[in-house]
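Examining the three-dimensional arrangement
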Amino acid sequence: MKKREETDQRRDDRQACDERMETVWREEGRGSALPCDQMGIKFAPQLLKKNSNEEDGTLENKHTEEKVGNKTERIYEDSMRFSLRESDQQPEAPVIIPPAISPSLSLTDTWAPSVSNRSPPSISATPSFSSPSPYSSPVPSLTPPLPPSVELSAVLNDTRLTLDVYKGGAAVLQVLWRSLPGHLRGVQYLRLGSEDKAGLDGALEVLPHLTQLRSLAIRGHRLCDTQGSLLPGLLTALPSSLTSLSLLKHLDLSFNALSSFPLCLVSLPHLSSLLLSHNQLTTLPPDIGQLSSLSYLTLLGNQLVSVPQSLGQLKTLQNLDLSYNFLQSLPEEIGALEALVKLQLSHNNLKRLPETMGSLLSLRELVIHSNDLRVIPQCLTFLPLLEMDVRNNPIGSPPTPPPLPPAAECAETSIPELHLGFDQHSFCVSSAGCHVFLPGAGELLFPPGCLVKNTRLKWAEKLPDRKWVWLEEHDFLLSRPLELLPHGVTFLKPVEVCVPYHGARRREVVVRRFDGQSWSTLPTLTRRGSQNHSRHPGGRPARLACCSVTHFSWFVAVSRPVRDSCSLTPQGALLVSSSDPGVKLHFPSDSTLQTRVITLQVLQVSVAEVQELSADREACVSPLLCLSQNPSMDFLQPVKVQIPLPSGLTGHTVDMACLHLLHGDPSAHTWTDITSQASLCVTHLYAIFYITHFSWYWLWYTTQRCVSGVVRRVYQRLKQFRVQFLVQQRKTDPKQVLLQCLPANKVDGRVASLSVQYDGPQPSDLCDLLEGEQFFAGFERGLDVNADRPDCVEGRLCFVFYSRLKNLKEVYVCPSQGQDGPVRGQVSFYRGEVPNDLPVEVSRKRKGNDSQWLATLPLRLPALNSEKPHMEDYQYPPLNLGDPESGYLTEANLLAISLQIGQDWRTIGINLGISYQELDRIQYKYRDNLGSLVLDMLFHWARGQQGAGPGVMPKLIEAMEESGRRDLAEEIQDIVSLGRRKYSESLRRVGLDEEASSAQGEGTHPHVQQ
């Protein structure tokens, strides 16, 4: 009984001590404390088991939930005694371990033990605290930093110690060293995180004592913060005492803040792998050559400008990575690395490679892409097993002259900005320059000094008519043509023109310019626009295709397959595709006598589409190669072409009888099987063949016969787009009809967005159209549309299909003459003019409008008296402005023009001479309906001009130009010209051509501008 009371007294004393320390911890913000007896129970059950076997063999059955009281005291005291036997010294001060925060258990290196497969947790996440006890000495408790899902055995396993799987793990190393130094001296593999500065400093004090270490990792970027961002490493230096780690072979110090190479490393004789990537190293010491055992060295992602000559003394080095630095040259001694197998130098500023690299006979892989190399040393071509990656280098280009020093008077000044509205189509630029932001996210950057005096410039966005667009094979139009005026102005400095475009995945975006006679492709850079200038308020900045020009013209953005080019000299060359590195062209020496420009394009093709179109479920294809050169002539030596095998095939599984190499002629639109003529052979992953002239090449794997015919049909179908047509009527005014043609994958989203304001039939069935193909929409069965439109041909609206644009028109329709009741009409779509690049057998099927019907959709109009008029002013007689001889506008013309007027209606009204009071009345009357407001303004002016004669048209055109709507002025001009031409033709038909000629020859109509 007395012994029981003593036990209870000791437990009460410990509880009171723990409560006092709990208060201290909370005041200092350290968390909570764990009673010492719990610490002993929770610490290392496997150690308790070992201790119990050594003592009396009775403890392993006592540590249960039913055994309490004296048995709990016995377990606690036994664990303390085991700790004393293992320790060399007993610390008198309490051991405090900071709490863990946001533990992460991800392991990325090869030798680190896995923690996720361990047994269920048996340690608490509550911070622990050790206090002096009359019965035991302090023992380390790993709770924290160990999280509740990790046992001690998971991080301390034989000779491996892993402390980088949770935050603050480095602090545990010092705690374990104080308590278990004998066990730590045998550790050979150690991993530490470097995101905790205090714990890292303590760990660096312990490291020199761990002389058995073979592998050491002190890395950053092992854990994430509460926002999901990787925590940086805080290691800035290593202690010189680390030279005691004479057995160290592997050292990883990646993702830290080292600004200088730790000199203690050169004294490690057995170091074979050194990882210093993603630090802040600017130089390497000359003593680095003393690392005689080094075989793997990575310095990726530092700030190195050069490397020392002593690097050539690393005779055992096999893998060297110097990527993502600022290297401008390499020492000649690099050729002495006789064991080097892989050398990575990408993303530097290298301008040349030393000729001594030809001595690297063991080199198998050389990665030098994304540098400034214009010539590849000839010596590298004599290394037969070497594979090189030379992408993104200006190979063959002339050297860039050094930049001129900046003039003293040209100090950097901020360029003024000018944001234009939709109704502002002209602006002034002075000699100070200007950054102009166009509506729709386009930008114009005028540098200071590009103009001598103030100059008024204009801009206009054209409809994507084919006269403003030029597309090559496999090109897509990404923007509407942008016209910049005046065309004759010349700038003293290049002006940056940025055309907004829609996304083009895995394709190259270029700007093309039309100078009025021919098209040219300009050097183009792509970037995001200004954050404060996007298509939609608060939206993501638009994509911009930017080019530099010295005079204004027409500009469009076009996407095309990525184009790689090089200059071929008599010495030979190697061209690797940047979009598919598996595609390579090897040009041997003496393959040409004069320098040629070689161009390579790789077009990826969907295997699923090929299988569907060819009706062969086993068919598969390689990428399509489009090869060209300037000048075009045969090569003197066969050119070796390497291309990946079709998807799913290897050199061991391919049946050579089913593998076909097709040669395509882009001008004749033919495909020829040249398998037997090209000496086709295969490796494990690639097909290799030799050619002497350039064209298109395509590798097919199919069981079908007559492969050429199948490939020709499949290729033509692949060029076409699966589209659907939409016909929608505005709910508030059914006579306003929206027509649109869209690729099938965009239809559902478009219908959903239109459903708020529009209603109409379901989209049409699927049809096929080519990029840039013309089609027409005809209103039939009692429906009529204004035919006096420039885009109206024989009563049908003309469209040109571009897959990346909207292909949309909105028109007013009316019942045909004599139709008084409701009309159940329809809209039919027909193919138009035959594209010039179609094969004969395809174009033969596309002659005539009616014979090329695509789709028909119903369209209903209610009776005129069955709905409330859109505007009561429609009760007036029909309007006809102008006169037939000089041209006129009908009421339908005005309706079509009104659809293109938006928020600039008031400016147009003022320039038309409408009073402010009348404009205010119109605005108040239709304040909730912009469409009705525009119509009332336009028709109010038109009714006042009836009977005014030929002077009406110039006034309307001038008002549009003064309002900045040059596009509408040109459209009105086209309508007037069309009316005059029809009037002249009607006079000619009735034999009055002389009067028509005299009427046209008179100079009494200065308002008609041709």
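From a predicted model like this one, the values you see are computed outputs, not experimental measurements. (Residues numbered from 1 in each chain as written. Predicted model: local features only at pLDDT ≥ 70, side-chain atom pairs only at ≥ 80, totals over all residues. Heavy atoms only, no water.)

1. Focus: helix α6 (residues 170-179)
Counted residue by residue, α6 has eight buried out of 10 residues, so it is predominantly covered. Taken together, the buried positions of α6 are Ala-170, Ala-171, Val-172, Leu-173, Val-175, Leu-176, Trp-177 and Ser-179. (Buried < 20%, exposed > 50% of the residue type's maximum accessible area, 1.4 Å probe, protein only. Helix = DSSP H or I, 4+ residues; strand = E, 2+ residues; numbered from the N terminus.)

2. Notes on the packing of α6 against helix α8 (residues 197-206)
Orientation of α6 relative to α8, taken along the N-to-C sense of each, is 40°, at an axis distance of 7 Å. Regarding the angle of α6 to α8, the classification is oblique. As for how α6 packs across α8, the hand of that crossing is left-handed. In this structure, α6 contributes Ala-170, Ala-171, Leu-173, Gln-174 and Trp-177 to the contact, and α8 contributes Gly-199, Leu-200, Gly-202, Ala-203, Glu-205 and Val-206. (Axes fitted to C-alpha atoms, helices over the stretch in contact; angles between N-to-C directions. Parallel < 35°, antiparallel > 145°, perpendicular 65-115°, else oblique. Left-handed = near helix turned anticlockwise from the far one by under 90°. Contact = heavy atoms within 4.5 Å.)

3. A short note on the pattern of salt bridges
In total, this model carries 20 salt bridges according to the counting rule given. The shortest N-O distance in the salt bridge between Arg-352 and Glu-332 comes to 3.8 Å. With Arg-352 in the loop between β9 (342-344) and β10 (365-367) and Glu-332 in the loop between β8 (319-321) and β9, this residue pair connects regions lying 20 residues apart in the sequence. When the shortest N-O distance is used, the salt bridge between Asp-372 and Lys-351 registers 2.9 Å. In this pair, Asp-372 sits in the loop between β10 and β11 (387-389) while Lys-351 sits in the loop between β9 and β10, placing the two residues 21 residues apart along the sequence. Residue classification places Lys-351 among the exposed residues on the basis of a relative accessible area of 52%. In the salt-bridge network here, residues are joined through shared partners; they are Glu-472, Asp-475, Arg-512 and Arg-563. (Salt bridge = Lys/Arg side-chain N within 4 Å of Asp/Glu carboxyl O.)

4. Quick look at the nonpolar core
Of all hydrophobic cores here, the largest spans 79 residues; its most connected members are Leu-173, Leu-190, Leu-207, Leu-274 and Leu-366. Counting only elements with at least two residues in this core, the list comes to β2 (160-163), α6, β3 (189-193), α8, β4 (215-219) and β26 (573-576). In terms of residue count, the dominant contributor to this core is α6 (five residues). (Core = buried A, V, L, I, M, F, W, Y, C linked by side-chain atoms within 4.5 Å.)

5. Concerning the sheet that holds strand β34 (residues 681-682)
With respect to topology, five strands assemble into an open sheet ordered β26-β27-β31-β35-β34, the strand pairing being antiparallel. Strands at the two margins of the open sheet, each flanked by one partner only, are β26 and β34. (Pairing = 2+ DSSP bridges.)

6. Some remarks on the sheet that holds strand β12 (residues 417-419)
Spatial ordering of the open sheet is given by β12-β14-β15-β19-β23-β22, a layout of six strands whose pairing is mixed. Every interior strand has two partners, whereas the edge strands, β12 and β22 (525-528), have only one. Going from strand to strand, the sheet's axes swing by 25° on average, the running direction of each strand aside. Judged from the eight bridges that link them, strand β19 (residues 490-501) and strand β23 (residues 543-551) form a sheet pairing that is antiparallel. Residue pairing in the sheet places Cys-498 in a bridge with Cys-546 of β23.

7. Regarding the confidence of the model for the protein
Averaged over all residues, the pLDDT of the protein equals 76, while 73% of them reach at least 70. Low confidence marks residues 845-850, where pLDDT is under 50. Its contacts with residues over four positions away, or in another chain, come to 19 contacts. Within the model, the stretch residues 866-878 combines pLDDT values under 50 with 25 contacts to residues more than four positions away or in other chains. (pLDDT = per-residue confidence, 0-100.)

8. Comments concerning the side chain of Ser-346
With respect to the element layout, Ser-346 can be found in the loop between β9 and β10. Judged by its relative accessible area of 5%, Ser-346 is buried. In this structure the side chain of Ser-346 is engaged in a polar contact, spanning 3.3 Å, whose partner is the side chain of Ser-323. Excluding anything up to four places from it in sequence, Ser-346 contacts Ser-323, Tyr-324, Val-367, Ile-368, His-369, Ser-370 and Asn-371. (Polar contact = N/O pair within 3.5 Å; in protein donor to acceptor, adjacent residues only side chain to side chain.)

9. Here we look at unusual backbone geometry
Note that the residue after Leu-485, namely Pro-486, is joined by a cis bond; omega there is -5°. Looking at the secondary structure, you find Pro-486 in the loop between β18 (482-485) and β19. Geometrically, the link from Asn-630 to Pro-631 is a cis peptide bond, its omega value of 0° lying close to zero. On the secondary structure map, Pro-631 appears in the loop between β30 (624-630) and β31 (639-644).

10. Let's talk about the packing of helix α15 (residues 916-925) against helix α16 (residues 930-944)
The angle between the axes and the distance between the axes are what describe a pair of packed helices. Viewed as axis vectors pointing N to C, α15 and α16 meet at an angle of 150°, and their least axial separation amounts to 9 Å. Classified by the interaxial angle, the pair formed by α15 and α16 is roughly antiparallel. In terms of crossing hand, the pair formed by α15 and α16 is right-handed. Contacts between α15 and α16 involve Glu-918, Leu-919, Arg-921, Ile-922, Gln-923 and Lys-925 from the first element and Leu-933, Asp-936, Met-937 and His-940 from the second. Class assignment of the residues belonging to the contact of α15 with α16 gives a composition of four nonpolar, two polar and four charged. (Nonpolar A, V, L, I, M, F, W, Y, C, P; charged D, E, K, R; others polar.)

11. Quick look at the environment of Gln-740
Looking at the element boundaries, Gln-740 is found in strand β38 (residues 733-743). Through-space distance from the C-alpha of Gln-740 to that of Lys-809 is 6.6 Å; in sequence the pair is 69 residues apart. Those residues in contact with Gln-740, other than ones at most four positions away along the chain, are Gln-724, Phe-725, Leu-726, Arg-750, Lys-806, Asn-807 and Leu-808. There is a polar contact of 2.8 Å between the side chain of Gln-740 and the side chain of Arg-750.

12. Here's the deal with the environment of Val-583
Note that Val-583 resides in the loop between β26 and β27 (584-587). Overall, Val-583 belongs to the buried group, its relative accessible area being 0%. Along the chain, Val-583 and Pro-623 lie 40 residues apart, while their C-alpha atoms are 9.0 Å from each other. Sequence-distant contacts of Val-583, defined by excluding residues within four places in its chain, comprise Leu-575, Val-576, Ser-577, Leu-600, Val-602, Leu-625, Gln-642 and Pro-644.

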